[in-house]
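Each chain, written out:
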Amino acid sequence: MKKGMILYVTQGKEDVPLQAAEELIETARSLGVTAVCVATTEEDAVHGWWSLLTRGMQQVLFMTAAYNAVLDRFESRGAPVRLCG
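Note that the structure is a prediction, hence the values are computed from the model and not measured. Per chain, the residues get numbers from 1 upward, laid out in the order the sequence is written. Since the coordinates come from a predicted model, pLDDT governs what is reported: local features require at least 70, and pairs of side-chain atoms require 80 or more to be given and counted, while whole-chain, interface and lining totals use all residues. The side-chain numbers reported here are obtained from all heavy atoms of the structure, hydrogens and water having been left aside.

Just checking my understanding: could you explain the state of the cysteines for this structure?
Put plainly, a disulfide is one covalent bond tying together the sulfur atoms of two cysteines. Count a disulfide wherever a pair of cysteine sulfur atoms falls within 2.5 Å. Enumeration over the complete set of coordinates arrives at zero disulfides. Free cysteine C37: the closest other cysteine sulfur is in C84, separated by 12 Å.

Is there a simple way to explain the nonpolar core in this structure?
General note: in soluble globular proteins, nonpolar side chains tend to be found buried as a group. Judged by nonpolar contacts, the single largest core of 13 residues is most densely connected at M5, L7, A28, V36 and F74. Looking at this core, the elements with two or more residues in it are strand 1 (3-11), helix 1 (18-30) and strand 3 (59-68). Here, residues are in contact when the closest pair of their heavy atoms is within 4.5 Å. Contacts of A28, omitting those with residues within four sequence positions, involve M5, L7, V33 and V36. Nonpolar core, defined: a set of buried Ala, Val, Leu, Ile, Met, Phe, Trp, Tyr and Cys residues in which side-chain atoms within 4.5 Å join the residues together. When accessible area is computed with a 1.4 Å probe and restricted to protein chains, residues below 20% of their type maximum are described as buried, those above 50% as exposed, and intermediate ones as partly exposed. Helix and strand assignments follow DSSP, with helices taken as H or I runs no shorter than four residues and strands as E runs no shorter than two, numbered in order from the N terminus.

How should I be thinking about a nonpolar patch on the surface in this particular structure?
Residues qualify for a patch when their relative accessible area is over 30% and they have no salt bridge, like charges being joined within 9 Å and the nonpolar side chains of Val, Leu, Ile, Met, Phe, Trp and Tyr within 5 Å. For the area figures, the Shrake-Rupley method with a 1.4 Å probe applies, and any residue is considered shielded solely by the protein chains shown. We count a salt bridge whenever a side-chain nitrogen from Lys or Arg sits within 4 Å of a carboxyl oxygen from Asp or Glu. On the surface, a cluster of nonpolar side chains totalling about 320 Å² of accessible area is made up of W49, L53, V81 and L83. Contributing elements (two or more residues each) for the nonpolar patch: helix 2 (42-54) and strand 5 (81-84). Within the fold, L83 resides in strand 5.

It is not clear to me how the environment of V33 should be interpreted in this structure. Could you clarify?
Residue placement: V33 occurs in the loop between helix 1 and strand 2 (35-39). Residue class for V33 comes out buried when judged on its relative accessible area of 6%. Placed 20 residues apart in sequence, V33 and L53 show a C-alpha to C-alpha distance of 14 Å. Residues within four places of V33 in sequence aside, it is in contact with K3, G4, M5 and A28.

Got a minute to help me understand helix 2 in this structure?
Since the α-helix turns once every 3.6 residues, residues separated by three or four places project in the same direction. A helix is expected to reach a length of 1.5 Å times the quantity of its residues less one. Taking 1.5 Å as the rise per residue, helix 2 with 13 residues should run 18 Å; its terminal C-alpha atoms sit 19 Å apart, in good agreement. Where helix 2 is concerned, the buried positions are A45, G48, S51 and L52. All buried residues of helix 2 lie within an arc of 125° about the axis, which places them on one face of the element. More than 90 degrees from the buried face of helix 2, the exposed residues found are E42, E43, V46, W50 and T54. Each element contacted by the buried residues of helix 2 is listed here: strand 1, strand 2 and strand 3. Directions are taken from the helix axis to each C-beta atom, and the arc is the one they span.

Would you mind showing me how to read the pattern of salt bridges here?
Inspection of every chain in the model, using the stated rule, returns one salt bridge. For R77, the salt bridge identified is with E75, shortest N-O distance 3.6 Å.

What am I meant to see in the confidence of the model for the protein here?
Where the model shows low pLDDT, its predicted coordinates should not be examined in detail. Predicted confidence across the protein gives a mean pLDDT of 85, with 94% of residues reaching 70 or more. Per residue, pLDDT measures the predictor's confidence, with a range of 0 to 100. Mean pLDDT values over the elements of the protein span from 71, in helix 1, up to 95, in helix 2.

Structural data, given as structure tokens:
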């Protein structure tokens, strides 16, 4: 089964460097996720959901995260929620 994940950055999104998002994507992939979309707005999250479905993901997860610029890392804000599948 193909799994996709939407990572919605809720805090510190203006400070997220592009390379940090890549590290977050690699971490999610190590958890068995096939494809990851990083969203910073609600519109990005909806577009990511649509994009994952059209790429054949049978399960889509949604997780919120915050970016801590001082520590230069992401911090999860709860457990992943299954949107479909």
